[in-house]
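# Residue-level structure breakdown
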Amino acid sequence: MKRLKQILLLIFSVFLIMLISPFIAYKATDNITINVSAAAERITSCNGEYFYQTKNGIYKCGEPDKIIVNGLFEDFYVDSRRIYCISSLMRNNKKYVTVYVYDKETGAPFGTFSNTDGLEGPVNDGIMCVVSVQKATNRSILRFYDIYSDFREVSVVYDRKSYGDTTVFEFADGRPPVALSESNCEKIISVSKDYVVSIDNSLNADVIFNYRDLSAYNRTKIGKINTVHDSSDSLYLSYTENKSFFWEGNNYSRTDLKHNKFDGIKTIEQRTGKIISEKQLRRTERVLRYDENALITYYNGNYICYDTLKFKELWKIKATEIVEDGTYYVENCDNCTFIFDDNGLINKINYSNFS
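Residues numbered from 1 in each chain as written. Predicted model: local features only at pLDDT ≥ 70, side-chain atom pairs only at ≥ 80, totals over all residues. Heavy atoms only, no water.

### Structural notes on the nonpolar core
Judged by nonpolar contacts, the single largest core of 18 residues is most densely connected at I34, L288, I296, Y298, Y303 and I322. The set of elements that each furnish at least two residues to this core consists of β1 (33-36), β25 (295-299), β26 (302-306) and β28 (327-333). Leaving out residues up to four positions away in the same chain, I322 has contacts with I32, Y298, Y303, Y328 and I339. (Core = buried A, V, L, I, M, F, W, Y, C linked by side-chain atoms within 4.5 Å. Buried < 20%, exposed > 50% of the residue type's maximum accessible area, 1.4 Å probe, protein only. Helix = DSSP H or I, 4+ residues; strand = E, 2+ residues; numbered from the N terminus. Contact = heavy atoms within 4.5 Å.)

Printed below as a string of structure tokens:
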């Protein structure tokens, strides 16, 4: 009888430890939130130079960073010579869009250009690209306007192709193709002449490989997408699986490390949609970057870089700017990983500097 009691007590103890260990781990984890964006939204690059916007203005990365344009704008674009800053307002149920143009190097104002037709979109070499809808067909179309000539429409030759709910515009002058989804839920992440890859619902995502020459597509369940990198033959994805306690309910949008179940990485062959490698990381290890060259993470006060193929640690550096109760935002652009807090850029990691 005594032996039985000991066995039952042991079983109960093990069960209790298993029950409370996640809560203990939760309480022991620093209160740090790291948001990783699948696309570069704060940062943009041109000819090897990087620009980003804060509440104070638009900065050019350097040693130190230099403010080029003062003010807060809805969006901005950079080409080889100029910065285009976009603002809009509604007046009498009509949208007014203004483009402020500055010299990219000095910040000297070049001109202010407005339209009352609500035309808004990316600008390059003074040409604005606007997504429109054909009234007759209710299909998406691209239109181009010269901001320096009172937004006069410019004719552009392109070939439009359909991939399911996605329309791809291929241009005769060799510029990169543009893809638009008819579904508001889908985000295009890769375009080729044979297929389109898109993400449906970023919080609990499906990655959709839509093949033009096949009457079928491949759909892969992922999780909350963090980073996306598109190489010539593979798609590199990192994602987060969260956990919640029974009284909290599920929240797939969490980005705090306390509620992290794990971050994972997957490499998918684009031609077939087949998963060719995958790995789960440590519970509070947040993936900041994943591509064919490097896997960079934050873990326990350090930035860590791994070899993508063998997952061997290559280097580790202190993340002194990541502190308790902090909230951080990470974006990748070219070879650099940018870390922001609520005030601006706090670190830039170029993995090639440590190889």
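That shown, we press on.
### Things to note about the pairing of strand β18 (residues 195-200)
The buried fraction of β18 amounts to six of the six residues, a majority that puts the element mostly inside the structure. On β18, burial covers both faces: Y195, V197 and I199 on one face and V196, S198 and D200 on the other are all buried. Pairing analysis gives five bridges linking strand β17 (residues 186-191) to β18, with the strands arranged antiparallel. In the strand pairing of β18, K187 is matched with I199. Connecting β17 to the antiparallel partner β18 that follows it, the hairpin turn spans three residues. Two elements, β18 and strand β19 (residues 205-211), share six bridges in a ladder whose sense is antiparallel. (Pairing = 2+ DSSP bridges.)

### What to know about the pairing of strand β21 (residues 234-242)
Of all nine residues in β21, eight are buried, a share of seventy percent or more. Alignment of β21 against strand β22 (residues 260-269), held across nine bridges, turns out to be antiparallel. When the bridges of β22 are listed, Y239 appears paired with G264.

### Some thoughts on the sheet that holds strand β2 (residues 43-46)
Taken in spatial order, the four strands make up an open sheet running β2-β3-β4-β5, and their pairing is antiparallel. Across the chains shown, the open sheet's two edge strands, defined by having one partner strand only, are β2 and β5 (66-70). With strand direction ignored, the average angle separating the axes of adjacent strands in the sheet is 25 degrees. Two strands pair when backbone bridges link them, and strand β4 (residues 57-60) and β5 are joined in this way by four bridges, in the antiparallel orientation. Residue pairing across strands places K60 opposite K66, the latter belonging to β5. (Axes fitted to C-alpha atoms, helices over the stretch in contact; angles between N-to-C directions.)

### Considerations on the pattern of salt bridges
Taken as a whole and assessed by the stated rule, the structure comprises twelve salt bridges. The shortest N-O distance in the salt bridge between R143 and E153 comes to 3.1 Å. In this pair, R143 is assigned in strand β12 (residues 140-146) and E153 in strand β13 (residues 152-154), connecting sequence segments ten residues apart. Take R143: its relative accessible area is 28%, and that puts it in the partly exposed class. For D291, the salt bridge goes to R289, with nearest N and O atoms at 3.0 Å. The same class applies to D291 as to R289, namely buried. In the salt-bridge network here, residues are joined through shared partners; they are E49, K60, K104 and E105. (Salt bridge = Lys/Arg side-chain N within 4 Å of Asp/Glu carboxyl O.)

### Side note on the state of the cysteines
The final tally for this structure, using the stated rule, is zero disulfides. Free cysteine: C333, not disulfide-bonded; nearest cysteine sulfur from C336 at 7.7 Å. We classify C333 as buried; its relative accessible area is 10%. (Disulfide = S-S within 2.5 Å.)

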